[in-house]
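For reference, the chains in residue letters:
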Amino acid sequence: CSVTEGNSGSTNCNFVVRLSAASGRAVTFHSATVDGTAGALSDYTGHASTARTIAAGQTTLSIAVPVRGDIYDEDNETFALAISNVANATPGSLSATGTINDDDPTPTLSVDNGGCSVAEGNSGTVPCVFTLRLSSPSARAVSMSARTVAGSAELNDFVSFGPVSVAMTERM
């Protein structure tokens, strides 16, 4: 199955277990979710080995796995549904992949417009701190390069640096 995550709540990723033909007997099996790049604690509601039955005369059973919505820009993620302990049918494909499609925009990185302002002083150095902001949360590492350039200040008014790389890796 494949589902777009949404920003809140949950959306079901529906797996369909299918028999090649109807059986005169109930077909039983167990299903369990298995983490891939998606995690059961953060991205979807997983389940341990759970007994399932396709009733006699039926050919399909749908298994819904709730996918949690979020507001983090991230890669599409996957998990699996694994089938085991099949009775009254010949096992075929016993695993299927669920794909969680991310729908969140890539954030914009910016430097606060105010920049920084400090009193020059007569000796030593005074830090001038620039604040970086993301327009929205991201689960991805965000990186950039920066360097100082002279504006109305002269080169002997500040300690030049650059280029320097900055990485923002904390998940919001």
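Okay, so let's go over this structure. Numbers given for residues are sequential positions, taken from 1 along each chain in its written order. Residues qualify for local features only when their pLDDT is at least 70, as the model is predicted, and side-chain atom pairs are given and counted only at 80 or more; totals for whole chains, interfaces and linings, by contrast, use all residues. The basis for the side-chain values is all heavy atoms of the structure; hydrogens and waters are excluded.

By convention in these notes, a salt bridge is any Lys or Arg side-chain nitrogen within 4 Å of a carboxyl oxygen on Asp or Glu. Tallying each qualifying case throughout the model produces two salt bridges. For R140, the salt bridge identified is with D73, shortest N-O distance 3.0 Å. You can see R140 sitting in the loop between β9 (132-134) and β10 (142-146) and its partner D73 sitting in the loop between β5 (60-68) and β6 (77-87), a full 67 residues away along the chain. Overall, R140 belongs to the partly exposed group, its relative accessible area being 34%. Only protein chains enter the accessibility calculation, which uses a 1.4 Å probe. A residue is then buried if its area is under 20% of the maximum for its type, exposed if over 50%, and partly exposed in between. Exposure remark for D73: the relative accessible area of 3% places this residue in the buried category. Across the pair R140 and D75 runs a salt bridge whose closest N-O atoms are separated by 2.6 Å. Secondary structure elements are taken from DSSP: a helix is a run of H or I of four residues or more, a strand is a run of E of two residues or more, and numbering for both begins at the N terminus.

On to the layout of surface pockets. Roughly 460 Å³ of internal volume is contained in the second largest pocket. Contributions of two or more residues to the lining of the second largest pocket are made by β2 (10-18), β3 (27-35), β6 and β7 (95-101). The element that contributes the greatest number of residues to the lining of the second largest pocket is β2, accounting for four residues. Under the scheme applied here, ten amino acids are nonpolar (Ala, Val, Leu, Ile, Met, Phe, Trp, Tyr, Cys and Pro), four are charged (Asp, Glu, Lys and Arg), and all others, including Gly, are polar. Of the residues contributing to the lining of the second largest pocket, the split by class is 17 nonpolar, seven polar and one charged. The definitions used throughout rest on a 1 Å grid laid over the protein atoms alone, on which a cavity is an enclosed set of points accommodating a 1.4 Å probe that cannot get out and a pocket is an open set flanked by protein within 12 Å on both sides along at least five of seven lines; lining residues are those having an atom within 4 Å of a point. Grid points are joined across faces, edges and corners, and a volume is the space filled by probe spheres set on the points.

Counting 17 residues, the largest nonpolar core has V67 and F79 as the members making the most contacts within it. Counting residues per element, the ones that place at least two in this core are β2, β3, β5 and β6. The criterion used for residue contact is that any of the two residues' heavy atoms lie within 4.5 Å. Contacts of F79, omitting those with residues within four sequence positions, involve C13, F15, V34, G36, A38, Y44, V65, V67, A96, T97, G98 and I100. What is meant by a nonpolar core is a set of buried Ala, Val, Leu, Ile, Met, Phe, Trp, Tyr and Cys residues, joined one to another through side-chain atoms within 4.5 Å.

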